[in-house]
Protein chains: 2
Amino acid sequence: MQSLTIDTGASTGRQKKVSLTETAYLALRNRVLSGELRPGAEFSELELADQMSMSKTPVREALGRLVAEGLIEAFPRRGYRVTPVTVKDINDLFAIRAMTEGTAAAMAAINLSAGDLDRLEAMAEARYDPQQGESVQSFVKANRDFHLAIAEGANNQRLLALVTSHLDECTRLFYLGAVSRDVNPETSADHRRIVDVLRLRDPDLARAAMVEHSEHTQQGILKALIASDTTALTL
Amino acid sequence: MQSLTIDTGASTGRQKKVSLTETAYLALRNRVLSGELRPGAEFSELELADQMSMSKTPVREALGRLVAEGLIEAFPRRGYRVTPVTVKDINDLFAIRAMTEGTAAAMAAINLSAGDLDRLEAMAEARYDPQQGESVQSFVKANRDFHLAIAEGANNQRLLALVTSHLDECTRLFYLGAVSRDVNPETSADHRRIVDVLRLRDPDLARAAMVEHSEHTQQGILKALIASDTTALTL
DNA sequence: AACGTAATATACTACGAAATATGTCATGTC
DNA sequence: GACATGACATATTTCGTAGTATATTACGTT
């Protein structure tokens, strides 16, 4: 076979053409995480292929990855559906999140430079208007950036990947039921406290602050989801 | 589309026919984890398809999942190779393992019944003869069962999945370089201590014992890999 | 209620197109 | 004359399309 010398093409700023499989994967994942495809929704390969005007194969490969991730369920020879969400699921998910992000914060407390911390502090100032969908979306992105910046500070690629995927799944729950709630005061207070303890360079305190923040988010989302009359939750 | 009423077929004990994609995925993953396909090894879809006497499509779908898991790297329009292993990789991996299995042990300390603990204690007695490949393999399986039994005690499916995948990756490193070493005394001592502290139902002690065991394994594997003259490690 | 038949959707094969690497050869430079 | 450089042809490999086979469900008939 051909030799596999590596050229990431990172140095040249040329535009990277992504495969249809990657396109389908990102689009589908986004539709699930944004709540456009709600838990329990059923669909077929052909249906999605037509929507995205591509053949079934790339759609099929994208679905395979999402099934492996657990976001979608496959029913052999019958079809697919978005994996239903249960209360236990949510608790399990947030237990993982507290673990991964808590560990990341503890490691970041040691690694982050003063400049990094200043940038984090600026990120923690993000606010939003619960009435405006656009504002909600940019707040969600800012929140994501804040958490990922800390996870990057852990200097562990595997941990960063774990944090990213679980954080995105938590955000999905936020979209599913808690959009109407105003979490501004709680979130910004938590984020500020996290930056404060990171400055102390104390791993244990940083972990505790992050775990506490995760638990706050969990409580808020559980309340909002249970209160909402949507079909987001399955028993 | 057809309705997706659920029938897992679990109640009927009928034999489950697995798809070629699943077959290819399991076979490839096993070849990588067992060290048959070593880090850096290059190959093509056609090559693998011929070996397993199937079409390229199921192979391709299996490779997609392994790429997503990080076990294999894809080079668009050129081919694939087994992801090289670096020392930092190993340290990152074991940091994750200590985190996930430590957390699992802490949760298991609360959940496990006396009967569960007795079964665990029996599992901890597994020994092997470093000279016999067959014995090594059954020891590795027993070790896996021991760790997964604890992870199941955490009662969190997501955590169990994380523990499983990372434990398997650690086992791969064991196969890659440490086969010759005799880890019997160290392992059984650690395992016995873990069962002992689990009996105390103290989450913090259980976590500490598990983390310590993970670190012992990490040190042993690092030493063995660096000492071995194999090409398993990339700088 | 049991059975047969049609409809539907996946699972897989086969093939063609596009992209990348490699080898050859002509050309130019020292 | 030796060597480097670029153009072009060719081989290799993935990427995606299209079509076939098979499994499963739904439904009508007896």
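Conventions we followed
Residues numbered from 1 in each chain as written. Chains lettered and ligands numbered in written order. Predicted model: local features only at pLDDT ≥ 70, side-chain atom pairs only at ≥ 80, totals over all residues. Heavy atoms only, no water. Least-squares fit on C-alpha atoms with pLDDT ≥ 70 in both. Contact = heavy atoms within 4.5 Å. Pairing = 2+ DSSP bridges. Helix = DSSP H or I, 4+ residues; strand = E, 2+ residues; numbered from the N terminus. UniProt positions renumbered as here; feature names shortened; annotations may be inferred. Domains from an automatic or database assignment. Buried area = accessible area lost by both parts, 1.4 Å probe. Salt bridge = Lys/Arg side-chain N within 4 Å of Asp/Glu carboxyl O. Buried < 20%, exposed > 50% of the residue type's maximum accessible area, 1.4 Å probe, protein only. Axes fitted to C-alpha atoms, helices over the stretch in contact; angles between N-to-C directions. Parallel < 35°, antiparallel > 145°, perpendicular 65-115°, else oblique. Left-handed = near helix turned anticlockwise from the far one by under 90°. Nonpolar A, V, L, I, M, F, W, Y, C, P; charged D, E, K, R; others polar. Polar contact = N/O pair within 3.5 Å; in protein donor to acceptor, adjacent residues only side chain to side chain.

Novice: Can you explain the relation of the copies chain B and chain A? Please cite residues and give values.
Specialist: Note on the copies: chain B fits chain A at an RMSD of 0.0 Å, the axial shift is 0.0 Å, and the rotation between them is 180°. Interpreted geometrically, this transformation is the action of a two-fold axis. Counting the interface residues of chain B, we find that 100% of their copies in chain A are interface residues as well, pointing to one common contact surface.

Novice: So what's going on with the pairing of strand S2 (residues 72–75) of chain A? Which residues, and what values?
Specialist: Side-chain positions along a regular strand alternate between the two faces of the sheet. Residues and elements named next belong to chain A. Examined bridge by bridge, S2 and strand S3 (residues 79–82) share 4 bridges and lie antiparallel to one another. The partner of Glu73 across the bridge, within S3, is Arg81. Here S2 folds back onto S3, and the loop between the two strands holds 3 residues, one of which, Arg77, carries a positive phi near 60°.

Novice: Lay out the UniProt feature "domain: HTH gntR-type" (unreviewed entry) in chain A in plain terms, naming residues and giving numbers.
Specialist: UniProt feature "domain: HTH gntR-type" (unreviewed entry): in the numbering of this structure it lies at residues 18–85 of chain A. Here residues 18–85 of chain A is 51% helix and 15% strand, with 31 Å between the C-alpha atoms at its ends.

Novice: Tell me about the domain arrangement of chain A, and please be specific about residues and values.
Specialist: Residues and elements named next belong to chain A. With domains assigned, chain A is organised as domain 1 (20–82) and domain 2 (87–227). A straight line from the C-alpha centre of domain 1 to that of domain 2 covers 28 Å. Each partner contributes to the roughly 660 Å² buried at the junction of domain 1 and domain 2, and carbon and sulfur atoms together form 57% of this total. Along the contact surface separating domain 1 from domain 2 lie 1 salt bridge. For Arg29, the salt bridge goes to Asp168, with nearest N and O atoms at 3.3 Å. In terms of residue count, the dominant contributor to the side of domain 1 that touches domain 2 is helix H1 (residues 20–33) (3 residues).

Novice: Account for the side chain of Thr100 of chain B, naming residues and giving values.
Specialist: Counting through the fold element by element, Thr100 of chain B comes out in helix H4 (residues 87–111). Among residues more than four places away in sequence, those in contact with Thr100 of chain B are Met99 of chain A together with Leu159, Leu162 and Val163 of chain B.

Novice: Kindly report on the sheet that holds strand S1 (residues 42–43) of chain A, identifying the contributing residues and their values.
Specialist: Residues and elements named next belong to chain A. Spatially, S1-S3-S2 is the arrangement adopted by the 3 strands of the open sheet, whose pairing is antiparallel. Because the sheet does not close on itself, it has two edges, and the strands there are S1 and S2. Pairing geometry for S1 and S3, over 2 bridges, is antiparallel. The residue bridging Phe43 from the neighbouring strand is Tyr80, located in S3.

Novice: I'd love a proper account of the pattern of salt bridges, names of residues and values included.
Specialist: Residue and element names in this part refer to chain A. Per the counting criterion, the structure on display carries 30 salt bridges over all chains. With a shortest N-O distance of 2.8 Å, Arg60 and Glu45 are connected by a salt bridge. Residue Arg60 is found in helix H3 (residues 56–69), and its partner Glu45 is found in helix H2 (residues 45–51); the two are separated by 15 residues along the sequence. Of the residues examined, Arg60 reaches a relative accessible area of 33% and is grouped as partly exposed. Look at Glu45 and you get buried, because its relative accessible area is 17%. The salt bridge partner of Arg199 is Asp118, with a shortest N-O separation of 2.9 Å. In this pair, Arg199 is assigned in helix H8 (residues 184–199) and Asp118 in helix H5 (residues 114–123), connecting sequence segments 81 residues apart.

Novice: Quick one: what's the story with the packing of helix H4 (residues 87–111) of chain A against H4 of chain B, residue by residue and with numbers?
Specialist: In the contact formed by H4 of chain A and H4 of chain B, the axes pass within 11 Å of each other and the chain directions differ by 135°. The angle between the axes of H4 of chain A and H4 of chain B places the two elements in the oblique class. Seen along the crossing, H4 of chain A lies across H4 of chain B with a hand that is right-handed. Of H4 of chain B, the residues touching H4 of chain A (which contributes Met99, Thr100 and Thr103 of chain A) are Met99, Thr100 and Thr103 of chain B. Grouping the amino acids of the contact of H4 of chain A with H4 of chain B by side-chain chemistry returns 2 nonpolar, 4 polar and no charged.

Novice: Describe the interface of chain B and chain A, listing the residues and the values that go with them.
Specialist: Note on interface size: it is often stated as the accessible area lost on association of the parts. At the interface, 37 residues of chain B touch 38 residues of chain A. Regarding the contact of chain B and chain A, the summed buried area is about 3200 Å², with carbon and sulfur atoms giving 56% of it. Summed over the shared surface of chain B and chain A, the result is 4 salt bridges. Between Glu61 of chain A and Arg60 of chain B there is a salt bridge whose closest N-O contact spans 2.8 Å. The tally of links from chain B across to chain A stands at 8 residue pairs in polar contact (both at pLDDT 80 or more). Of all the elements in the fold, those that place two or more residues in the side of chain B that touches chain A are strand S1 (42–43), helix H3 (56–69), strand S3 (79–82), H4 and helix H7 (157–177) of chain B.

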